[in-house]
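Residues per chain are reported as follows:
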Amino acid sequence: MSTDDPAERRVYPARDRSRHPPALTPTYKSSIYRSPQADLISFPTTLSEETGPVFGDRILGDLDGDLTQNFAAIGESAIGPRTIVFGSVLDDGGRAVSGALLEVWQANAGGRYRHKNEGYIAPLDPNFGGCGRIITGEDGSYEFRTIQPGPYPWPNGPNDWRPAHIHFSVFGQGFVQRLVTQMYFEGDPLIPLCPIVRTIPSDDAIASLVGALDLDRTIPMDARAYKFDIILRGPQQTYFENRVEGL
Ligand SMILES: [Fe+2]
């Protein structure tokens, strides 16, 4: 990326906060403790935020993009509906974001995370770790294999359930494009009931987080496919979850 000439520096528009939930949304109980107590302060972006970090394919292991296999014993596989998630990472101008690092994590098919603080009674799957990573190609495309996660209950209201979802952390071509978000699955009846989803102010913004079943990319007798495109920064950007530390 270019250097000291300000004219060559990319200009990132301010985030469109009308697409994002307010930081304090008491129906999502944790936001009471996590939301800022003072007004936000804006800072101009710096060159290092606009041009780094840069990742290369060399950081990836052979199975990083296959969650059905990357924690499985030899000859075994994670249990659950075999699924392909794919899409493109684009910027607000519709340009492909190549070399973007996507880190994903999710519950297993029973809705349980492999985490020491997990308290749900659903069983662990010995062949499923629940995390993986991918780097976008020259055209901004990405794809990974996994199993569809299950919904899980969480201690918010008396009976709240998270829809099936995959967490995404995205590093674009600079920290200014950093994105943490979640993908849901088309047709899940829990999506409109979820207190976290309901903090998002518009149906259009919610729809941008729902992966669509794509039969053309389905592999017969193997895996269903869901398409999830990600827009970084700008008026079309995907809803950012990391609103506190985001720019
Ligand atoms: Fe989750």
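Placed above this text is the structure.
Analysis parameters
- Residues numbered from 1 in each chain as written.
- Predicted model: local features only at pLDDT ≥ 70, side-chain atom pairs only at ≥ 80, totals over all residues.
- Heavy atoms only, no water.
- Helix = DSSP H or I, 4+ residues; strand = E, 2+ residues; numbered from the N terminus.
- Buried < 20%, exposed > 50% of the residue type's maximum accessible area, 1.4 Å probe, protein only.
- Areas by Shrake-Rupley, 256 points an atom, 1.4 Å probe, with all protein chains shown as cover.
- Donors = N, O, S within 2.8 Å, 3.2 Å for Na, K, Ca; no water.
- Pairing = 2+ DSSP bridges.
- Phe/Tyr/Trp six-rings, centres within 6.5 Å; stacked < 30°, edge-to-face > 60°.
- Lys NZ or Arg CZ within 6 Å of the ring centre and 35° of its normal.

When you go through the protein chain residue by residue, the secondary structure sums to three helices and eleven strands. Element order for the protein chain, N to C, with α for helix and β for strand: α-α-β-β-β-β-β-β-β-β-α-β-β-β. When the 247 residues of the protein chain are sorted by exposure, 43% land in the buried category. Counting every atom, the protein chain has about 13000 Å² of accessible surface; 56% of that belongs to carbon and sulfur.

In this section: the coordination of the iron ion. Every protein donor of the iron ion is listed here as Tyr-113 (OH), Tyr-152 (OH), His-165 (NE2) and His-167 (NE2), and their distances to the metal cover 1.9 to 2.3 Å. Each donor residue of the iron ion lies on the same chain, and together they follow the pattern Y-x38-Y-x12-H-x1-H. Of this pair, Tyr-113 sits in the loop between β2 (101–105) and β3 (131–135) while His-167 is found in strand β7 (residues 165–171), placing the two residues 54 residues apart along the sequence. Per residue, the accessibility class of Tyr-113 equals that of His-167, and both read buried.

With seven of ten residues buried, strand β1 (residues 82–91) is to be regarded as a mostly interior element. Alignment of β1 against strand β4 (residues 141–147), held across seven bridges, turns out to be antiparallel. Within the sheet, the bridge partner assigned to Phe-86 lies in β4 and is Glu-143. Pairing analysis gives four bridges linking β1 to strand β10 (residues 224–227), with the strands arranged parallel. Bridging from a neighbouring strand, Thr-83 pairs with Arg-224 of β10. Pairing of β1 with strand β11 (residues 230–232), which is carried by three bridges, proceeds in the parallel orientation. The partner of Leu-90 across the bridge, within β11, is Ile-231.

The topology assignment puts Asp-203 in helix α3 (residues 203–207). Overall, Asp-203 belongs to the exposed group, its relative accessible area being 68%. Taking C-alpha positions, Asp-203 is 9.8 Å from Arg-19, a pair spaced 184 residues apart along the chain.

Within the structure shown, the criterion is met by ten aromatic pairs. Consider the rings of Phe-171 and Phe-175, whose centres lie 6.1 Å apart with planes at 70°: the pair is edge-to-face. Members of the aromatic cluster, connected to one another through ring pairs, are Tyr-142, Phe-144, Phe-168 and Phe-228. Here Arg-178 stacks its cationic end above the ring of Phe-171, 4.2 Å away from the centre of that ring.

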